[in-house]
Amino acid sequence: MAGKIFAVIVVLVTIATAYCVIAHVWWMPVDISVHGPRIDKQLEETMLVAGLLFIAGQVVLAAFAFLYGGARGKPKQIPGGAKYLVILAFAIVGAEILALSLVGSKAWGAVYFEAPDPNSLHVDVQAGQFAYYFRYPGPDGTFGTLHPELINEGGQNFFGLDTDHDADAKDDIVTAEIAIPVNQPILLTLHSKDVGHSFDVRELRVQQDFVPGMIIPIHFTATQTGRFEIVCTQLCGLGHYNMKAYLSVLSQADYDEWLKKQAAMQ
Amino acid sequence: MHAAAHHAPPQGFIRKYVFSVDHKVIGIQYTTLSLVAAFVGMALSWAMRIHLAWPDYHIPLLGWVSPNGAPGGVMTPEYYLSLMTMHGTIMAFFVLTAAPFAGFGNFMLPIQVGAADMAFPRLNMASFWVTFTGFLFACATFFIPDGPPLSGWTAYAPLSAVGSVAGPGQGWGQNLWGFSIAFFCIASLLGSLNFIVTTLDLRTKGLKMSRLPLSTWGWFIDAWVSLLAFAVLLPTCLLLVLDRLGGTSFFIPGGLVFNDQLQPHSGGSPLLFQHLFWFFGHPEVYIIILPAFGIVSHIMPTFIRKPLVGGWKVVTFSEIAVGTLSFVVWGHHMFVSGMSPYMAMVFSVPTLFITIPSIIAVLVWVFSLYGANIRFDTPLLYSLGFISLFITGGIGGFFLAQPSTDSYLHATSFVVGHFHFTMGLSAIFATFAGFYYWFPKMFGRMMNEKLGKLHFWLSFVGVYCVFITMQLTGMTGAVRRYSALVDDFMVPLIPAYRFMTVAALLLGAAQFIFLYNVIWSRFKGPKAPDNPWDATTLEWDTTSPPPFDNFGGRQLIVHHGPMEYDGDESLMQTSPKPSIAGT
């Protein structure tokens, strides 16, 4: 009896799980980046292969528990013994690796092995407990040098810029939100002033840690306008849950106007 | 083979039950410590889950435990993170690493190899008391003004390394945490040496390696992995403490600014900490799960009344392969860490390969049920539950092994669900299987079977309700380690989080059935026969509980492998009769 109850529970769990996945009860948000569909495709392919394995594994386990309870005479082994099981395991993983690595969409390489577009808009991003700050190079197209010892949040010098002596820094535009033009390749350089943080925009399919002491580049192109949450996914202290900023993807005209307004506010 | 290390039966309460060198007492001490730690860890998770679902609810007793961290029973964001850190630390080290390995291993391994005790009984006693000291240090963090650390069980630097300047929860709690884990490492190293030497040197006559019980194999392989992994975590913890107290900069780079103040550190590397931590941390999940593999492989043949398909070899070589490969996959925790993206591929491939021996083991367990005569006693139900949970958890690994899909799912509740299935609840279920199986041997009394089954049904359904929901909500990108759901995209998940909270509380409540069963059976349970399950290995070839020297001076000679089952018939390993199952 216990075997049959076990089998029924396992099958019900399997059905419920499969339903949640197939019906997209909880699923990825809309994808707004050029590289994103590759990641989504890879994830969906993985879901198909892994989902079938999940169902097969649970159903066979349930079936055997259902069928082979109690004293039933001489027990016997599966025909062929372990040899076929070992072959099956290699076949499963081999098929998985083939499907995902060779004919799959090679999403990782397409994003991370490619150099950023030379015409990218470069935005510098600094994370600190518990806020992000963004920096545009201004009309001269050059970022000022960072001087951590000059960081003064009360004095609004979030990046540690030496605007008195550094000509490049004078026209840098520092903002608390990031806006970018739609369909424009973007290059971000991520650095942290204190502890580890992360830059995660679900809709962009971009998640990258900030590591103190390192400047980490990441590049993408957004394909839809809108306003999206940037959240911190690397534990950074008490305000971690509330560390966020917004990414606005604007038309080129709206972006130009936005940047002008930000420059005027410096 | 040497004779077992002899020592006289202890006199007096302290030497007999407290500072005992008897491996059986030490095994029970470890198991009891783990049981206490498990209830502490579980209570922490309740508080966290209640806070996530109903942030304004005044949690009873919590305000008393920490007037600063949870004034009036409503926890602050930093206290949430502290509870989370200690939940992970206590569960990963003092429950999951300690119970199935040090708890059952200490009690059973010497008996299963026919020895009178461990090879180094005094080191064994030291292992337990050093572990106990580590646990006291971990618990002490709750009672210091700054409270427990909040940097997670992974304690990433520089958050964990720079001290109080990084905010609350980074004072002495983090130092105590470092000492606690360092103690745990020392104890694990001593324990591993003991397990390895005992298995190699103290086997009784006729007990070739090919005749070792599969649980002994699990502990033996696990001891090697432990030895190599904890040897790296120990210096990592000490370097972290040096950064905090000694003014060094192993993990702290230059140019860090807190509160507009430049920090006096330079030259360290936060990624070095991650590499060192995960060089330990990934083998750690196998350190947790390999004894579970062994325990389930050991228990199953008794209740399916036949050997595992492939005999001892297939599942054991799978465990060896898992243990070996576990040392070359750590970088899959670091795909989005800023490590070279080319390295991501280097770590991704072995991560997919390590699924091969894992799948072989699963197929062996599942297909061994074919044509069996299954006896559905509680130990077997928990073994089946283990297989189901391990399949579910393992499947999630396919998503996280690939850098591209991981870059979306990293740090989401998908990961939290995945590792709770794979190494958390799977190992707990295997531990329960072992507990129900060996309780009669350890205490000489049977556990109540009806309560055992009830405990299983509630736990099995409860685990799925909590953790499959957790894993699937991760598909939305729901971020882990948040003390409140404030982001626009997290708010719609509140009903799902409440469902998980209610399920987790019920799952927790079901554990009191187990606790009641343990306490009641310990004193009132029916007397256990020597071999209540018709099993074959040496622990069932002596009294329940075994005498001080395990076999009452008998010299055992082993003639068979551990899986001599053929339906209702079975042969003790020591039986001189001809084999009935060809093992």
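Residues numbered from 1 in each chain as written. Chains lettered and ligands numbered in written order. Predicted model: local features only at pLDDT ≥ 70, side-chain atom pairs only at ≥ 80, totals over all residues.

### Remarks on the environment of Gly 88 of chain B
All names here are of chain B. For the record, the criterion: A helix here means a DSSP run of H or I that spans at least four residues, while a strand means a run of E at least two residues long, and both kinds are numbered starting from the N terminus. For every residue pair, C-beta atoms are placed from the backbone, and the pair is scored as a contact if these atoms sit within 7 Å.
Here Gly 88 shows up in helix α4 (residues 77-112). Along the primary structure Gly 88 and Trp 153 are separated by 65 residues, whereas in three dimensions their C-alpha atoms are 5.3 Å apart. Among all residues touching Gly 88, those that are not within four sequence positions of it are Gly 152 and Trp 153.

### With respect to the sheet that holds strand β8 (residues 216-221) of chain A
Residue and element names in this part refer to chain A. Test applied: Strands are treated as partners if at least two bridges between them are detected by DSSP. An axis is simply a line fitted to the C-alpha atoms; with a helix, the fit covers only the stretch in contact. Between two such axes, the angle follows the N-to-C directions and lies from 0 to 180 degrees.
Pairing in this open sheet of five strands is mixed, and the strands run β3-β2-β1-β5-β8 from one edge to the other. On the outer flanks of this sheet lie β3 (173-175) and β8, each paired with one strand and no other. On average, adjacent strands in this sheet sit at an angle of 25° to one another, irrespective of strand direction. Sheet analysis places strand β1 (residues 121-128) next to strand β5 (residues 185-192), joined by seven bridges and oriented parallel. By the bridge assignment, Val 125 is partnered in β5 with Leu 190.

### A short note on unusual backbone geometry
Of note, the amide linkage connecting Gln 129 of chain A to Phe 130 of chain A takes the cis form, showing an omega dihedral of -5°. The step from Ala 157 of chain B to Pro 158 of chain B runs through a cis peptide bond, and the omega angle for that step is 5°. Along the chain, Pro 158 of chain B falls in the loop between α5 (121-140) and α6 (172-201). The backbone of Asp 260 of chain B shows a phi angle near 65°, a positive value even though the residue is not glycine. Residue placement: Asp 260 of chain B occurs in the loop between β1 (257-258) and β2 (261-262). The backbone of Arg 305 of chain B shows a phi angle near 60°, a positive value even though the residue is not glycine. Take Arg 305 of chain B: it is sitting in the loop between α8 (270-304) and α9 (311-325).

### Let's talk about the pairing of strand β6 (residues 197-201) of chain A
All names here are of chain A. The test is simple: Residues with at least 20 other C-beta atoms within 10 Å of their own are called buried, those with 12 or fewer are called exposed, and the rest are partly exposed. The C-beta atoms themselves are positioned from the backbone.
With five of five residues buried, β6 lies mostly within the body of the structure. Strand direction decides the pairing type here: β6 and strand β7 (residues 206-210), joined by five bridges, are antiparallel. If you follow Asp 200 over to β7, its bridge partner there is Gln 207. The antiparallel hairpin formed by β6 and β7 contains four residues in its connecting segment, where Arg 205 sits at a positive phi of about 55°.

### Examining the interface of chain B and chain A
Across the boundary between the two partners, chain B contributes 88 residues, which contact 86 residues of chain A. For the side of chain B that touches chain A, the secondary-structure elements that each account for two or more residues are α4, β1, α8, α10 (341-353), α11 (355-368), α12 (378-400), α13 (403-409) and α15 (449-473) of chain B.

So yeah, pure geometry; function would need other evidence.
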